[in-house]
Amino acid sequence: GKSGYDHYMLKEIHEQPLSLRQCLSGRIDELDGRITVEELDDLSDHETVQFVACGTSYHAALYGAQLLRAAGVAANAYYAHEYATSPAPVSTADLVVGVTQSGETADTLSALREASRRGAETLALTNVVGSTAAREADHVLYIRAGPEIGVAATKTFSSQLIGVNLLTSHLTDRGVKRRRDFVDDLRGIANDVQAVLDESEAAAVVEEFVDSDAFFFLGRGLDYPVALEGALKFKEITYEHAEGFAAGELKHGPLALVTANTPIFAVITGEGEAARKTIGNVKEVEARDAPVVVVTDGVAEAGRYADHVLEIPTTDERLAPLLANVQLQLVAYHMAAHLDREIDKPRNLAKSVTVE
Ligand code: F6R
C-alpha cells in the first residue's frame, strides 16, 4: 500500500534514503573505503563507453557519460531509439551500457542487441532482477531500489545516478583507494536526501506559479541532466508545458519564450566556471522579468540572484545533482497535487514501454 502517503510517487520519493542505502550496501569496503562491485569483477577494461537509454534513464546516462569523461574515459549517451536507427561505431574494446529501470524497454533492448551483434561487451544497469535486459546483457549491475509503482520514475533515477558512480569508480580506479572525502559523501548521501525531504519548501514555492504559461529548467554540466529530468517529471504529472535546457543554449533560441509568466528553475550546484556561467544565464532571464527559483547548495552564492531558493546540503560535486533532483521531484509532485492531477497514472503513459 501507500503507507499513509497520498500517492505512490510521494511514498517512493520518501523511500529514497532507504533505497540509496540498499544500492550502496556491501559495495563500499567498511575498512578501507574502497568501492567494490562484485558483479563487475569479470568486466574487461574499457576505454570507450556508450550508454543507451530512454526517458528518465537517458538522463541518468547523460550524467554517467559526463562522470566517465571527467575520469578520462571516452563516453557518450544515446537515446536507445536513435542508437538503434543510427548506431555509433562500436568495437570489441567498447562497453555498451543499457540503463533501464524495468529492463523491458523495447528500444533499449534493441540497442543492446545491436551493440552485441556488432561485438561490443554489454552491461545492463537495471532495477528488475531477472528482467530481459538483465538476462541478455553480458553483465548486470542492479540498482536495488525496490519495486517502483508510480509511473513517474523517482527513486530509481536517484539509484541510477549512484549506479553510474559505482561503474565509474570500478572502471577508473580499480584497486586504487578511493579519495576519502568522496566515499564519505557517498556514505552520507542517504542522510542528505533525508534532509532535503524534511526541509524542502517546494510545496510553498510552486503554489505561486499555478497560473503560469510554461516552466523552464536550466542546468549546465552535471546539472544539465537534472534540468532535463526536472522538466520531464513536471510535464508528465502536471500536464503543464515544461522544457529543460542546457543553460548555455538559452540565448540560442529558448530565450524568446521567456516572459514574466514563465518561471525558471535553475539548477546550480558546486562552484567554478559552470556555476558562474549559469548565474549569468539567470541574470538574462531576470532581465525579462521571469520569476527565478534557484536549486542550489549555496556554494556559488547563486541564491542571491533568485526570487526563491530551494536549498540542498553541500556534498561532493558529483553527488550534488542527485540532491537537486530530489527538490525538483517535489516541485513536480506538489504542482501536480495543487492541480489535482492523477499523479500515479499520468494520462497516455505506461510504466514500461515494451513496443518500439
Ligand atoms: C519517466 C519514465 C520514463 C522511463 C522510460 C525508460 O518518469 O518513467 O521516461 O524512464 O520509459 O524506462 P526504463 O528505465 O524502464 O527503461
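Where an unreviewed UniProt entry is consulted, the chain appears under the name Glutamine--fructose-6-phosphate aminotransferase [isomerizing], with the organism given as Haloplanus aerogenes. Per its UniProt entry, the chain bears the Catalytic activity (unreviewed entry) comment "D-fructose 6-phosphate + L-glutamine = D-glucosamine 6-phosphate + L-glutamate". The record held by UniProt for the chain lists under Subcellular location (unreviewed entry) the comment "Cytoplasm".

Some remarks on the pattern of salt bridges
The full count for this structure, using the stated rule, is 17 salt bridges. Among the ionic pairs, Glu284 bridges to Lys251, the shortest N-O distance being 3.6 Å. Pair noted here: Glu284 is in helix H12 (residues 273-286) and Lys251 is in the loop between strand S7 (242-246) and strand S8 (264-268), with a separation of 33 residues, a long-range link. For Lys251, a relative accessible area of 51% corresponds to the exposed category. A salt bridge links Glu273 to Lys277; the nearest nitrogen and oxygen atoms lie 3.9 Å apart. Note that Glu273 and Lys277 are positioned in helix H12 at a spacing of four residues, about one turn of the helix. Judged by relative accessible area, which is 45%, Glu273 ranks as partly exposed. Assessed through its relative accessible area of 40%, Lys277 is described here as partly exposed.

Looking at the packing of aromatic side chains
Summed over all chains, the structure comprises seven aromatic pairs. Where Tyr58 meets Tyr79, the ring centres are 3.9 Å apart and the plane angle is 25°; that geometry is what we call stacked. You can see Tyr58 sitting in helix H3 (residues 55-70) and its partner Tyr79 sitting in strand S2 (residues 74-79), a full 21 residues away along the chain. In this structure Tyr58 comes out as buried when scored by relative accessible area, which is 10%. Residue Tyr79 is classed as partly exposed on the basis of its relative accessible area of 35%. Here a set of aromatic residues connected by ring pairs shows up, and it is made of Phe209, Phe215, Phe217, Phe234 and Phe265. The ring of Tyr239 is capped by Arg347, whose NZ or CZ atom sits 3.9 Å from the centre of that ring.

Observations regarding the sheet that holds strand S10 (residues 308-311)
Read from one edge to the other, the open sheet built from five strands follows the order S7-S6-S8-S9-S10, with strand pairing classed as parallel. Strands with a single pairing partner mark the edges of an open sheet, and in this sheet they are S7 and S10. Shown here is a sheet whose adjacent strand axes are inclined to one another by a mean of 20°, direction ignored. In the packing of helix H11 (residues 223-238) onto the sheet, the strands contacted are strand S6 (215-219), S7 and S8, and the crossing angle to S7 comes to about 175°. On top of the sheet, H12 reaches S8 and strand S9 (292-296); it is set at about 165° to S8, its chief contact.

A word on the layout of surface pockets
Here the largest pocket defines a volume of roughly 550 Å³. In this structure, the largest pocket is lined by 28 residues; those nearest its centre are Cys54, Gly55, Thr56, Lys351 and Val353. Of all the elements in the fold, those that place two or more residues in the lining of the largest pocket are H3, strand S3 (94-100), helix H5 (106-117), helix H7 (155-172) and H11. Tallied by class, residues from the lining of the largest pocket come to eleven nonpolar, twelve polar and five charged. Its volume calculated, the second largest pocket comes out at about 440 Å³. Elements with a contribution of two residues or more to the lining of the second largest pocket: H3, H7, S8 and H12. Counting residues per element, the lining of the second largest pocket draws most heavily on H7, which supplies four residues. In terms of residue class, the lining of the second largest pocket is built from nine nonpolar, nine polar and six charged.

A look at the side chain of Thr105
Note on placement: Thr105 falls in the loop between S3 and H5. Judged by relative accessible area, which is 15%, Thr105 ranks as buried. Beyond its immediate sequence surroundings of up to four residues, Thr105 is in contact with Cys54, Thr100 and Val353.

A few points about unusual backbone geometry
Located in the positive-phi region is Glu301, a residue other than glycine, with phi close to 55°. The topology assignment puts Glu301 in the loop between S9 and S10. Given a relative accessible area of 45%, Glu301 falls into the partly exposed group. For Asn348, which is not glycine, the phi dihedral falls at a positive 70°. Inspection of the secondary structure assignment puts Asn348 in the segment after helix H13 (320-338). For Asn348, a relative accessible area of 75% translates into the label exposed.

Side note on the site of the ligand
Taken together, 13 residues lie near the ligand, and Ser57, Thr100, Gln101, Ser102 and Thr105 sit nearest. Interatomic distance of 2.7 Å between a backbone N/O atom of Gln101 and an oxygen atom of the ligand. In this structure, Lys233 approaches the ligand through a side-chain N or O atom, which is 2.7 Å from an oxygen atom. Relative to its unbound accessible surface of 410 Å², the ligand loses 91% to contact with the protein. Structurally, the ligand is housed in the largest pocket. If you list the elements that add at least two residues to the shell around the ligand, you get H3 and H11. No other element matches the three residues that H3 contributes to the shell around the ligand. For the shell around the ligand, the class distribution of residues is four nonpolar, seven polar and two charged.

Rules used throughout
Every chain begins its residue count from 1, and numbering advances along the sequence as written. Where local features are concerned, this predicted model is filtered to residues with pLDDT of at least 70; where side-chain atom pairs are given and counted, the filter is 80 or more; whole-chain, interface and lining totals use all residues. Only heavy atoms go into the side-chain values, all of them from the structure, while hydrogens and water stay out. UniProt positions are given in the numbering used here, feature names are shortened, and annotations may be inferred rather than shown by experiment. Criterion for a salt bridge: a side-chain nitrogen of Lys or Arg within 4 Å of a carboxyl oxygen of Asp or Glu. The secondary structure listing takes helices from DSSP runs of H or I that are at least 4 residues long and strands from runs of E that are at least 2 residues long, numbered from the N terminus. Buried residues are those whose accessible area, probed at 1.4 Å on protein chains only, stays under 20% of the maximum for their type, while exposed residues exceed 50% and partly exposed ones sit between those limits. Aromatic pairs are defined between Phe, Tyr and Trp rings, using the six-membered ring for Trp, whenever the two ring centres lie within 6.5 Å; interplanar angles under 30 degrees are classed as stacked, those over 60 as edge-to-face, and all others as tilted. Here, a charge over a ring means that NZ of Lys or CZ of Arg falls within 6 Å of the ring centre while also lying within 35 degrees of the ring normal. When DSSP locates at least two bridges between a pair of strands, those strands are taken to pair. Lines fitted to C-alpha atoms define the axes, with helix axes restricted to the stretch in contact, and inter-axis angles between N-to-C directions lie between 0 and 180 degrees. Contact definition: two residues touch when any of their heavy atoms are within 4.5 Å. Definitions used for this entry: grid spacing 1 Å over protein atoms alone; cavity, a set of points where a 1.4 Å probe fits but cannot get out; pocket, an open set with protein on both sides within 12 Å along at least 5 of 7 lines; lining residue, one with an atom within 4 Å of a point. Grid points are joined across faces, edges and corners, and a volume is the space filled by probe spheres set on the points. Side-chain classes follow a simple rule in which Ala, Val, Leu, Ile, Met, Phe, Trp, Tyr, Cys and Pro form the nonpolar group, Asp, Glu, Lys and Arg form the charged group, and the remainder, Gly included, forms the polar group. Here, proximity means that at least one heavy atom of the residue falls within 4 Å of the molecule or strand. Counting of polar contacts relies on pairs of N or O atoms within 3.5 Å, with two restrictions inside protein: one atom must be capable of donating a hydrogen and the other of accepting it, and residues adjacent in sequence are counted only when both atoms are side-chain atoms. Areas reported here follow the Shrake-Rupley algorithm with a probe of radius 1.4 Å; residue values treat only the protein chains shown as occluding. More than half of a molecule's atoms lying within 2 Å of a cavity's or pocket's grid points is what places that molecule inside it.

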